[in-house]
Amino acid sequence: MLQFAVNRELPARRGGPVNGGQVCSRYPLQKTSPDLIRDTGVTFGGCKGMEEQELPYVLIDTIGGTYGVYEDHVEFLKKHFNLITMKEFLENKNRLSEKIKAIYMWWHKPAANQELLHSLPNLKVIATSGAGVDHLDLKLISSFGVKVANTPFAVCNVTADLGMALMLASARRLVEGCQIAVSPNTEHFADDLLGDEVTGATLGIIGMGSIGYMVAKRAKAFEMKILYHNRNQRKEEEERAVGAIYCKKIEDLLQQSDFVMLVVKLTPQTNKLFGKKELELMKPTATLINISRGPVVDQDALVEALQNGVIKAAALDVTYPEPLPRHHPLLKLKNIIITPHIGSATTSSRRLMMKNMVESILAALNGLPIPNEVIP
């Protein structure tokens, strides 16, 4: 049986409480292979001869390009796996079907549809990048006896950073200001480009999971009054640590907040969670920020609210679809900021996501508990 020991020099876990009292950590204490453990500072024992064995076959979509595995991740991945691209698999299906034990799903590709699952009789696990799993049919995958793992803790801090960045940029009209500053037609700076103060304002967070909690920690540093609405109220000590006040009714949060930030998972229950009714409950001076998923917001209702002054502004990292059609009315509004779904887009975060996916695959193939396993 594989055994693991923790090196005393392992970096301390950092971050505040998240779901279930866990902690957002850059180096989760997870079982993995010798090379990966050396890279993260954990020592590995009880695996003599392991490196002499054939590396497990893992299916990926492609390398490089818009949606492929990052080229600078490949060297690390090849230390642990025989990487098989979809093109190679389709050209050699008879030889490779029984060899592939895992799917490394980078940005939803390759798609785990019924046809692919049928063609991989020895598939054990699908590791997917990011925190969301709305692109997966978990019941279908489970029916094939296949496990799923994601990378929620690798994205919580960077996504919270982006939520704060969108709030600050919208409040201080940074995009509009930049356009004025760089325009060839600008001859002088007017003094009426007035924004809103974030310090001391009220932030309403809808969805107080790991990312929402990291947002609250940052907002506390801005001396904001923090309200939150969640399916379950957090522990008293967690609320006290960030000064957050629980609103059982979403209406109470909306009526009081200067900024409303959506940080929920996309589920059938949260699809179009935020529509005409919710927008009309917000202050006319308030701003909506969405760092969750595009379908959480009724975009038609949002367009109407922004055009008619129901709310002051919106800042979105996510839309539906992505990207929006170039003629979409949201793109024509001045009181909106839209970024191209970059919540986790930092070099270190994406590399940590990759390592977490490797950890989960290796654990599954060795019959060990899977870090960040997603339960259907």
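A. Molecular detail of the overall build of the chain. The secondary structure content of the chain amounts to 14 helices and 14 strands. Partitioning the intrachain contacts of the chain with sequence separation of at least 6 by distance along the chain shows that 65% fall at a separation of at least 24. As displayed, the chain offers around 19,300 Å² of accessible surface, 50% of which is attributable to carbon and sulfur atoms.

B. Highlighting the pattern of salt bridges. A complete count under the given rule lists eleven salt bridges for this structure. A salt bridge links Arg-173 to Glu-176; the shortest N-O distance between them is 2.9 Å. Residue classification places Arg-173 among the partly exposed residues on the basis of a relative accessible area of 26%. Accessibility expressed as a relative area gives 31% for Glu-176, which makes it partly exposed. Two residues, Lys-276 and Glu-280, come together in a salt bridge whose shortest N-O distance is 2.5 Å. Of this pair, Lys-276 and Glu-280 both sit in helix α12 (residues 276-281), four residues apart, roughly one helical turn. We classify Lys-276 as partly exposed; its relative accessible area is 46%. Here Glu-280 falls in the partly exposed class, since its relative accessible area comes to 48%.

C. Quick peek at the packing of aromatic side chains. Per the stated rule, a full pass over the model turns up four aromatic pairs. Look at Tyr-70 and Trp-106: their rings are 5.3 Å apart centre to centre, the planes differ by 80°, and that puts the pair in the edge-to-face class. Residue Tyr-70 is located in the loop between β3 (57-60) and α2 (71-78), and its partner Trp-106 is located in the loop between β5 (100-105) and α5 (114-118); the two are separated by 36 residues in the primary sequence. For Tyr-70, a relative accessible area of 26% puts it in the partly exposed group. Among the residues examined, Trp-106 registers a relative accessible area of 1% and is labelled buried. Consider the rings of Tyr-104 and Trp-106, whose centres lie 6.0 Å apart with planes at 10°: the pair is stacked. With respect to class, Tyr-104 is no different from Trp-106; both count as buried. A network of ring pairs unites the aromatic residues Tyr-70, Tyr-104, Trp-106 and Trp-107 as a single cluster. Of note, Lys-109 hangs over the ring of Tyr-67, and the distance from its end group to the ring centre comes to 5.6 Å.

D. Up close: the nonpolar core. One finds Tyr-104, Leu-203, Ile-205 and Phe-259 to be the most contacted residues of the largest nonpolar core, which totals 56 residues. For this core, the element with the most residues is helix α7 (residues 152-171), which contributes ten residues. If near-sequence neighbours (up to four positions away) are discounted, Phe-259 is found in contact with Met-167, Ala-171, Glu-197, Val-198, Ala-201, Thr-202, Leu-203, Gly-204, Met-224, Thr-287 and Ile-289.

E. Structural context of the confidence of the model for the chain. Of the residues in the chain, 86% have a pLDDT of 70 or more, and the chain-wide mean is 89. The low-confidence segment residues 1-51, where pLDDT is below 50, has 105 contacts with residues more than four positions distant or belonging to other chains.

Rules of the game
- Residue positions are given per chain, counted from 1 along the sequence in the order it is written.
- A pLDDT threshold of at least 70 governs which residues receive local features in this predicted model, and a stricter bar of 80 or more applies before side-chain atom pairs are shown or counted, although totals over entire chains, interfaces and linings include all residues.
- No hydrogens and no water enter the side-chain calculation; it runs on all heavy atoms of the structure.
- Comment: elements are numbered from the N terminus, with helices defined as DSSP H or I runs of at least four residues and strands as E runs of at least two.
- Residues count as neighbours in contact if any of their non-hydrogen atoms are within 4.5 Å of one another.
- Working definition of accessibility: Shrake-Rupley area with a 1.4 Å probe, residue cover restricted to the visible protein chains.
- Any Lys or Arg side-chain nitrogen located within 4 Å of an Asp or Glu carboxyl oxygen qualifies as a salt bridge.
- Per-residue accessibility, obtained with a 1.4 Å probe over protein chains only, is compared with the maximum for each type, and a residue is labelled buried under 20%, exposed over 50%, and partly exposed between these values.
- Between 30 and 60 degrees the pair is tilted, below 30 it is stacked and above 60 it is edge-to-face, where a pair is any two Phe, Tyr or Trp rings, Trp via its six-membered ring, whose centres lie within 6.5 Å.
- Our definition puts a charge over a ring when NZ of Lys or CZ of Arg is within 6 Å of the ring centre and also within 35 degrees of the ring normal.
- To form a nonpolar core, buried Ala, Val, Leu, Ile, Met, Phe, Trp, Tyr and Cys residues must be joined to one another through side-chain atoms within 4.5 Å.
- What pLDDT conveys is the predictor's confidence in a given residue, as a value from 0 to 100.

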